[in-house]
Amino acid sequence: MTLPLPHPALTAADPELAALVGAEELLQAETLRLIPSENYVSRAVLEASGTVLQNKYSEGYAGRRYYEGQQNIDQIERLAVDRAKAVFGVEHANVQPYSGSPANLAVYLAFAEPGDTVMGMALPMGGHLTHGWGVSATGRWFRGVQYGVRQDTGLIDFDQVRELALAERPKIIFCGGTALPRTIDFAAFAEIARESGAVLVADIAHIAGLIAGGAHPSPVPHADVISTTTHKTLRGPRGAMLMSREEHAKAIDKAVFPGLQGGPHNQTTAGIAVALHEAAQPAFAEYARSVVANARALADELLARGFDLVSGGTDNHLILMDLTPKEVPGKVAAKALDRAGIVVNYNTVPYDPRKPFDPSGIRIGTPSLTSRGIGTEHMAAVADWIDRGVRAAGAGDEQALTAIRAEVAELMAAYPAPGLSG
Ligand SMILES: *Cc1c(COP(=O)(O)O)cnc(C)c1O
């Protein structure tokens, strides 16, 4: 299929917007996308998410709606729910949260009162805003206490987690995050949650696809509630799910609707159903394994080139690099790599002496390149481009960045992206 993709009705009605969509299609096709929370959805997911389901209001849940005309919508939502339960091995699934942040807010609504103490990983340590961080509504309306990783190992400090939990007695403990390169020990968190009387929420937004594909341990049966986005490693549309044992089903459903949201986004529900169907296929397990194999291979190649990786490597899809030894700030590196056709994000590293808007690190991940079919044999080349790009950033060498961009585009042309290639 040639790019940009044909959008005849859109092009006729709004050529200005159509041109921007086309430009984004080209950008996603030609660049090496290494942002660990991003991916390429399939054509099937794209099609399901762009249907007339968009036109329907369906407040409530399947069989219990506040509007008529739900003959098809109920079946679509039931499909998504049943597939989520099968893929993750859970008793209950709610597929209506609009995205990961509202899903987490629904968890607060279900299990805590304003002012209650909640506990999560600090944002600069790799946690998420919605785990009680100060600038988030969750940190303003609740009392957030925060744990981190050990400075010497870069690993979660379970002594600190236990001490804090027993001293502060939080209503909710969140585990999971946005910049954690290592396997999460859900059993260890569950033991601490039990000792301190907290509800344990496993936020698997980043690693849901790895769990579905068997490439990361599951939080079932350790966590009371599982929160996830559907658009990261899980490779579905932008959305979220909350999953739990039957005992928490009512509280979660009530919190999502009518507690927090109105009508569900049925076109997204359909896309989630398709993504979960794809996640149940053997090819998805292969994808999940390859995401991890690629990340490990890339980490080894980066270490060999003198990069400092937080925790010394990775167990999952994500690598967090401290660029301090390279004497290039994360933002400078990220912007230079972008000009070289390599899309990453600048990121704080644990105990970062620099400011969050100008931190020491960059965060990279392998889901998108794996979805294109790029394998471990190419990770030396990827590490080389990053190495040359970071050095060019330090030296202000724009020519070197342009040269990398051409090499990147050549590899991308050989591995067309799902969704953009028929
Ligand atoms: C991405 C993410 C979220 C938030 O998801 P949005 O869809 O961006 O609101 C929540 N928790 C974690 C751990 C995440 O990585």
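Since the model is a prediction, treat every value here as computed from it, not as a measurement. (Residues numbered from 1 in each chain as written. Predicted model: local features only at pLDDT ≥ 70, side-chain atom pairs only at ≥ 80, totals over all residues. Heavy atoms only, no water.)

## Re the site of the ligand
Heads up, the rule is: If even one non-hydrogen atom of a residue comes within 4 Å of a molecule or strand, that residue is called near it. What qualifies as a polar contact is a pair of N or O atoms within 3.5 Å, subject to a donor-acceptor requirement within protein and to the restriction that residues adjacent in sequence count only when both atoms come from side chains. In these tables, accessible area is a Shrake-Rupley quantity obtained with a 1.4 Å probe, and a residue counts as shielded only by the protein chains included in the view. In this text, helices come from DSSP runs of H or I with a minimum length of four residues, and strands from runs of E with a minimum of two, each type numbered from the N-terminal end. Throughout this entry, Asp, Glu, Lys and Arg are counted as charged residues, while Ala, Val, Leu, Ile, Met, Phe, Trp, Tyr, Cys and Pro are counted as nonpolar. The remaining residues, Gly among them, count as polar.
Close contacts around the ligand come from 13 residues, with Ser99, Ser101, Asp203, His206 and Lys232 the closest. For the ligand, an oxygen atom lies 3.0 Å from a polar atom in the backbone of Gly100. At a separation of 2.8 Å, an oxygen atom of the ligand approaches a polar side-chain atom of Lys232. Protein chains bury 86% of the 380 Å² of accessible surface belonging to the ligand in isolation. Ranked by residues supplied to the shell around the ligand, first place goes to helix H5 (residues 100-111) with three residues. A breakdown of the residues in the shell around the ligand according to their chemical character gives one nonpolar, ten polar and two charged.

## Topic: the domain arrangement of the protein chain
To be explicit about the condition: An automatic or database domain assignment provides the domain bounds reported here. It only takes one pair of heavy atoms within 4.5 Å for two residues to be counted as in contact. Here the quantity called buried area is the accessible surface, traced with a 1.4 Å probe, that two parts lose on coming together, added over both. We define a salt bridge as a side-chain nitrogen of Lys or Arg found within 4 Å of a carboxyl oxygen belonging to Asp or Glu.
As assigned here, the protein chain comprises domain 1 (48-279) and domain 2 (290-414). One C-alpha centre belongs to domain 1, the other to domain 2; they are set 29 Å apart. Opposite the 21 residues of domain 1 that make contact, domain 2 presents 20 residues. The contact between domain 1 and domain 2 buries some 1,700 Å² in all, and 56% of this surface belongs to carbon and sulfur atoms. Between domain 1 and domain 2 we count one salt bridge in total. Across the pair Asp315 and Arg182 runs a salt bridge whose closest N-O atoms are separated by 2.8 Å.

## As for the side chain of Gln96
Along the polypeptide, Gln96 turns up in the loop between strand E4 (92-94) and H5. With residues near it in sequence (within four places) discarded, Gln96 still touches Gly60, Tyr61, Arg65, Glu77, Ala240, Val256, Phe257, Gln261 and Pro264.

## Looking at the packing of helix H4 (residues 71-88) against helix H11 (residues 266-279)
Short version of the rule: Only C-alpha atoms enter the line fits that serve as axes; for helices the fit covers just the stretch in contact. Angles between N-to-C directions range over 0 to 180 degrees. Definitions for this section: a left-handed crossing has its near helix turned counterclockwise from the far helix by less than a right angle. A right-handed crossing has that turn clockwise.
The N-to-C vectors of H4 and H11 enclose an angle of 35 degrees; their axes lie 9 Å apart at closest approach. Once H4 is placed against H11, the crossing between them reads as left-handed. The segment H4 lies against H11, with Ile73, Ile76, Glu77, Ala80, Arg83, Ala84, Val87 and Phe88 engaging Asn266, Thr269, Ala270, Ala273, Val274, Leu276 and His277.

## Looking at the sheet that holds strand E10 (residues 240-244)
To summarise the sheet geometry, strands pair through backbone hydrogen bonds and adopt either a parallel or an antiparallel arrangement. Note the cut-off: Any two strands with at least two DSSP bridges between them are considered paired.
Strand order in this open sheet of seven strands is E4-E10-E9-E8-E7-E5-E6, and the pairing throughout is mixed. The outermost strands of the open sheet, each flanked by one partner alone, are E4 and strand E6 (143-147). On average, adjacent strands in this sheet sit at an angle of 20 degrees to one another, irrespective of strand direction. Taken together, the four bridges between strand E7 (residues 172-175) and strand E8 (residues 199-203) define a ladder with parallel strand orientation. The partner of Ile173 across the bridge, within E8, is Leu200. With respect to the sheet, helix H8 (residues 186-196) is in contact with E6, E7 and E8, its orientation differing from that of E7 by roughly 170 degrees. Strand contacts of helix H10 (residues 249-260): E4, strand E9 (225-229) and E10, with the helix running at about 5 degrees to E4, the strand carrying the most contacts.

## Some thoughts on the packing of helix H7 (residues 158-168) against H8
What counts, and what does not: Reported orientations rely on four angle classes, namely roughly parallel under 35 degrees, roughly antiparallel over 145, roughly perpendicular from 65 to 115, and oblique for the rest.
Running from amino to carboxyl end, H7 crosses H8 at an angle of 20 degrees, the nearest separation of the two axes being 9 Å. Of the possible angle classes, the one that applies to H7 and H8 is roughly parallel. H7 and H8 meet at a crossing whose hand is right-handed. Each of Phe158, Val161, Arg162, Ala165 and Leu166 in H7 lies in contact with H8, whose residues at this interface are Ala188, Phe189, Glu191, Ile192, Glu195 and Ser196.

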